[in-house]
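Residues per chain, in single letters:
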Amino acid sequence: FTEDLADSVALCALLAVLRAQKDGRDFSAADLSCLQERDTEIRAERLCVEFRFLAPTAKARCLLHPIDIAGGRTERLSVFLTSLFLHEPLLPVLVEGTPKEEMLANAQLIDDLLKKLERHAATAAWQPPDDPTPLLHGGEDFQALATASTEQLLLRWANVQLASVFHRPVENFGSDLQDGEAIGLLLSVVAPEVMEFSEDPEERLDCIISAAVRCTDFELLTAQVILEGQSDMLAAFLAQLFLSRPNLAAKPNSLLAMHLGLLEQICIDAFQTFSNPNDQQQIIKMCMQLDSQWAEFTLAAQTVDEAAKAMQGVNSRMRTFLGDTLAHRAQGRPRVMLDAKEARELLIYTSLNAAHVQSLFVTEAVDSFVISRLEDVMRKHFHLLREVFRFYSVPTATGSGSGMTLEGVMKLYQDCKLRSKVLAPRHIEVLFVDHLDASAAQDRALSPGSFVEVLVGCANLKFKEKIESPHEQLAFLIENHLKPHACQETASLFQHMAYNVKVRNILESHVRELKIIFQLYATMDTSSAEAMQRAHTMNIEEFRMLLQHCEMMDGTFTESAMREIFDGIQQSATAEAEEDEGGVGSEGGEDDAQGIDDDEELSLSEFLDGLVAIAAYKFPDPFTAFDKRVNQFILK
């Protein structure tokens, strides 16, 4: 078998005969044009191109490759030839007048031969009807396939195929496919006879590209396309793969399979009945049976027809999408592909809860127009808001994802120079507590939705005396504070030390006791009515009392050092305040600057920063990890 087919001569002759048979004409020498090519490898390539037009199914086309012919790889080639035989057997017709016994014997031989060949060809010879039902989401019907975008359908299809073999959903055509793992697994599901999945990344890429060439009509997929995550080319390849290997045959227990089974059984019964037209009794019985099943028959036929039309519509859209995507690429304008993950995140970061927003504006009514304008600002700056949230977030304690803790919010507050009399740290702490999601209460961290609500509250508190519209307040906050200052690596050594994860964990382990101490000393200054009213923050006198009672003040840690720490904690969030606020209006800028000087109170979070600063001052040992020094300081 291998030696007889390796030079392609016999296959060229077979191709010539099949081509003539298909066209309904006599065989001619022109049908042997492939033999004019002397190079056997090039001849094998031409043969594959010609045979692809005769292949009965898309699966059969995958089995044919020049290397299988020229290299003598007969396993797939034999399956391809078997599928051709089952559709075009080219067997001689029995001569009229052949004895009945001989005809029965020949019929039995042919029946046995066909069964054997069908087992060998398996599903390569027959293409079962496709069932588009798996592409539907809950409650949708076939009409939904006409309204969903082509990219959505491709992502749905890919996830249907990968559901049992891939550990995460594919939500875009770029990063989710970039390592080749999802594409390799997808090919191993839809074309297992040509794709062998490998765990080794380099070997996997070679297998993917080789299998892709077999499964599609022209080559789109390269190692560069995969590794660079070229989303338009990867989407175009998936469209190619969908058209050639949809792998959407009706499942055995599906509704479409039930209807197909009914139609098949009716056809078999009718064929057997009408094979003997002289048996009137059987024909009448068949007609009566069909009449009793007519409702089921028409429903089945209608359902199968609707499924077929739905698949035709999807296939047509895939071809249009493929052509349009490649046309954009040819013009040097790669098409931007859908990213379902980003679309979902866009909704999370730009959707406000009206009741939550109303709680931020106590004296103002918040209507749908105000909400809409705020959401417009968020959509405009969506990528920045997402970047800021990710930068200041940490993994949650329960492992449910990431969230922004109070430390993260305070770090953002300080980085963006937001401190003022009208937006003091205590205001940030109140906003944080008020907007913790019920589901995130255990983690003590803000979700993206809660984070943007806190930003709206900060913008209102800081700018409501200068800017009237809430959406303009938020836009000013983003343009003048978040954009220039957020997500920057701080130059302050203290910031690096104080917000180190290990240091924050030490503070968290002692926070209950430290909070009690803070609340106690926040009420110690009774020198004036104003001081007594500020029972939730700590002024410099109360801070001094605490340090004196703990016997921290000495020749090294003096009154001057204590004042430097107290002032330094506050100034870290206000260093550029006057310059930033001056653009709003000189009158407002002066009021805000005045407020900075007047606000000589520490919040709980600033108090904790103060303890960290004192620990660095009192225990300067460079050979002991700083978090351990902080722990020793608190315990002593």
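A.B. asks: Even after reading the chapter, I still don't get the overall build of the protein, so can you show me in this structure?
C.D. replies: Summing up its helical and strand segments, the protein has 34 helices and 4 strands in all. In terms of overall dimensions, the protein is more spread out than a globule: its C-alpha atoms have a radius of gyration of 38 Å, far above the 26 Å expected for 636 residues. Buried residues in the protein amount to 44% of all 636 residues. Taking as baseline every contact in the protein between residues at least 6 positions apart, the subset at least 24 positions apart corresponds to 66%. Of the accessible surface of the protein, which amounts to about 33400 Å², a share of 54% is contributed by carbon and sulfur atoms.

A.B. asks: Which parts of the structure should I look at to understand the packing of aromatic side chains?
C.D. replies: Each aromatic ring pair is described using two quantities: the centre-to-centre distance and the angle formed by the ring planes. Going through the model one piece at a time under the given rule, you end up with 12 aromatic pairs. On the basis of an interplanar angle of 65° and a centroid distance of 5.9 Å, the ring pair of Y349 and F382 is categorised as edge-to-face. Highlighted residues: Y349 in helix 17 (residues 340-349) and F382 in helix 20 (residues 382-392), separated in sequence by 33 residues. Classification of Y349 by relative accessible area gives buried; the value is 4%. Ring geometry for F463 and F476: centres 5.0 Å apart, planes at 75°, overall edge-to-face.

A.B. asks: Looking at this structure, I do not really get the packing of helix 22 (residues 425-434) against helix 23 (residues 448-463). What am I missing?
C.D. replies: Axis angle and axis distance: for two packed helices, these are the angle between their axes and the distance between the axes, and together they describe the pair. It is the contact of helix 22 with helix 23, at a shortest axis distance of 10 Å, that shows an interaxial angle of 145°. Helix 23 is crossed by helix 22, and the crossing has right-handed handedness. Along the contact surface, helix 22 presents H427, I428 and L431, while helix 23 presents V454, G457, C458 and L461. Looking at the contact of helix 22 with helix 23 residue by residue, the classes come out as 5 nonpolar, 2 polar and no charged.

A.B. asks: Looking at this model, I keep getting lost on the environment of L54. Mind explaining?
C.D. replies: Positionally, L54 belongs in the loop between helix 3 (40-52) and helix 4 (58-62). Linking L54 and H87, residues 33 residues apart in sequence, is a C-alpha distance of 9.8 Å. In this structure L54 touches L15, L18, K22 and L84, once residues within four positions along its chain are discounted.

A.B. asks: I'm lost on the pattern of salt bridges in this one. Help?
C.D. replies: Side chains that carry opposite charge are capable of pairing whenever their charged atoms lie near each other. Under the criterion given, the structure shown has 22 salt bridges. R25 is the salt-bridge partner of D23, the closest N and O atoms lying 3.4 Å from each other. Classification of D23 by relative accessible area gives partly exposed; the value is 47%. Residues joined by salt bridges that share partners form a network here, namely E342, E345, R386 and R390.

A.B. asks: I'm lost on helix 11 (residues 201-215) in this one. Help?
C.D. replies: Every α-helix winds through 3.6 residues per turn, so residues three or four apart in the chain are directed the same way. When the terminal C-alpha atoms of helix 11 are compared, their 21 Å separation across 15 residues agrees well with the 21 Å that a helix rising 1.5 Å per residue should span. All of the buried residues along helix 11 are R204, L205, I208, I209, A211, A212, R214 and C215.

A.B. asks: Please explain the nonpolar core as it appears in this structure.
C.D. replies: Across soluble globular proteins, you tend to see nonpolar side chains buried next to one another. Membership of the largest hydrophobic core comes to 78 residues, with the highest contact counts inside it found for V388, L474, L482, F543 and F607. If we skip the residues at most four places from it in the chain, L482 touches L384, L385, V388, C416, L455 and L477. Counting 49 residues, the second largest nonpolar core, distinct from the first, contains L136, A191, V194 and A239.

A.B. asks: It is not clear to me how a nonpolar patch on the surface should be interpreted in this structure. Could you clarify?
C.D. replies: On the surface, a nonpolar cluster with roughly 250 Å² of combined accessible area is contributed by V17, F27 and L90. Here L90 is to be found in the loop between helix 6 (74-87) and helix 7 (100-121).

A.B. asks: Explain a negative patch on the surface here, please?
C.D. replies: The grouping of D200, E202, E203 and D206 at the surface amounts to a negative patch. Residue placement: D200 occurs in the loop between helix 10 (181-190) and helix 11.

A.B. asks: Hey, could you run me through the packing of helix 19 (residues 368-380) against helix 24 (residues 470-485) in this one?
C.D. replies: At a closest axis distance of 8 Å, the pairing of helix 19 and helix 24 adopts a crossing angle of 20°. The pairing of helix 19 with helix 24 is recorded here as roughly parallel in orientation. The handedness of the crossing between helix 19 and helix 24 comes out as right-handed. Of the residues in helix 24, those touching helix 19 at V370, R373, L374, V377 and M378 are P470, H471, L474, A475 and I478. Of the residues that constitute the contact of helix 19 with helix 24, the class distribution is 8 nonpolar, 1 polar and 1 charged.

A.B. asks: Any chance you could explain the state of the cysteines here in plain terms?
C.D. replies: Here a disulfide denotes one covalent bond, and it connects the sulfur atoms of two cysteines. Tallied over the full model, the rule gives 0 disulfides. Unpaired in this structure, C215 has its nearest cysteine sulfur neighbour in C62, at a distance of 3.4 Å. Unpaired in this structure, C267 has its nearest cysteine sulfur neighbour in C287, at a distance of 14 Å. Take C267: its relative accessible area is 52%, and that puts it in the exposed class.

A.B. asks: In this structure, what is going on with unusual backbone geometry? I would like to understand it.
C.D. replies: What you tend to see is this: most non-glycine residues have negative phi, and most peptide bonds are trans. Although it is not a glycine, C487 sits at a positive phi angle of roughly 60°. Along the chain, C487 falls in the loop between helix 24 and helix 25 (493-498). Residue E551 is not a glycine yet carries a positive backbone phi of 55°. If you trace the backbone, E551 turns up in the loop between helix 29 (540-549) and helix 30 (559-571). Its relative accessible area of 70% is what places E551 among the exposed residues.

A.B. asks: Where do I start with the side chain of D627 in this structure?
C.D. replies: By secondary structure assignment, the location of D627 is in helix 34 (residues 626-635). Buried charged residue D627 carries no salt bridge. Nearest counter-charge: K502, at 5.4 Å. Those residues in contact with D627, other than ones at most four positions away along the chain, are K502, V503 and I506.

A.B. asks: I would appreciate a short explanation of the side chain of T57 in the present structure.
C.D. replies: Relative to the helices and strands, T57 is located in the loop between helix 3 and helix 4. A distance of 2.4 Å separates the side chain of T57 from the backbone oxygen of A124, its partner in a polar contact.

A.B. asks: Could you clarify how one ought to interpret the confidence of the model for the protein in this entry?
C.D. replies: Atom-level detail of predicted coordinates should not be read off regions where pLDDT is low. Predicted confidence across the protein gives a mean pLDDT of 84, with 92% of residues reaching 70 or more. Low confidence marks residues 585-598, where pLDDT is under 50. Its contacts with residues over four positions away, or in another chain, come to 16 contacts.

A.B. asks: How should I be thinking about the environment of M195 in this particular structure?
C.D. replies: Among the structural elements, M195 can be located in the loop between helix 10 and helix 11. Note: C-alpha distance between M195 and A235 (40 residues apart in sequence) is 19 Å. Those residues within four positions of M195 in sequence are excluded, and the remaining contacts are G184, L187, S188, C207, I208 and A211.

Cut-offs used in this document
Residues numbered from 1 in each chain as written. Predicted model: local features only at pLDDT ≥ 70, side-chain atom pairs only at ≥ 80, totals over all residues. Heavy atoms only, no water. Helix = DSSP H or I, 4+ residues; strand = E, 2+ residues; numbered from the N terminus. Rg over C-alpha atoms; globule rule 2.2 N^0.38 Å. Buried < 20%, exposed > 50% of the residue type's maximum accessible area, 1.4 Å probe, protein only. Contact = heavy atoms within 4.5 Å. Areas by Shrake-Rupley, 256 points an atom, 1.4 Å probe, with all protein chains shown as cover. Phe/Tyr/Trp six-rings, centres within 6.5 Å; stacked < 30°, edge-to-face > 60°. Axes fitted to C-alpha atoms, helices over the stretch in contact; angles between N-to-C directions. Left-handed = near helix turned anticlockwise from the far one by under 90°. Nonpolar A, V, L, I, M, F, W, Y, C, P; charged D, E, K, R; others polar. Salt bridge = Lys/Arg side-chain N within 4 Å of Asp/Glu carboxyl O. Expected span 1.5 Å × (residues − 1). Core = buried A, V, L, I, M, F, W, Y, C linked by side-chain atoms within 4.5 Å. Patch = residues over 30% accessible without salt bridge, like charges linked within 9 Å, V, L, I, M, F, W, Y side chains within 5 Å. Lys, Arg positive; Asp, Glu negative; His and termini not counted. Charge placed at Lys NZ, Arg CZ, Asp CG, Glu CD. Parallel < 35°, antiparallel > 145°, perpendicular 65-115°, else oblique. Disulfide = S-S within 2.5 Å. Polar contact = N/O pair within 3.5 Å; in protein donor to acceptor, adjacent residues only side chain to side chain. pLDDT = per-residue confidence, 0-100.

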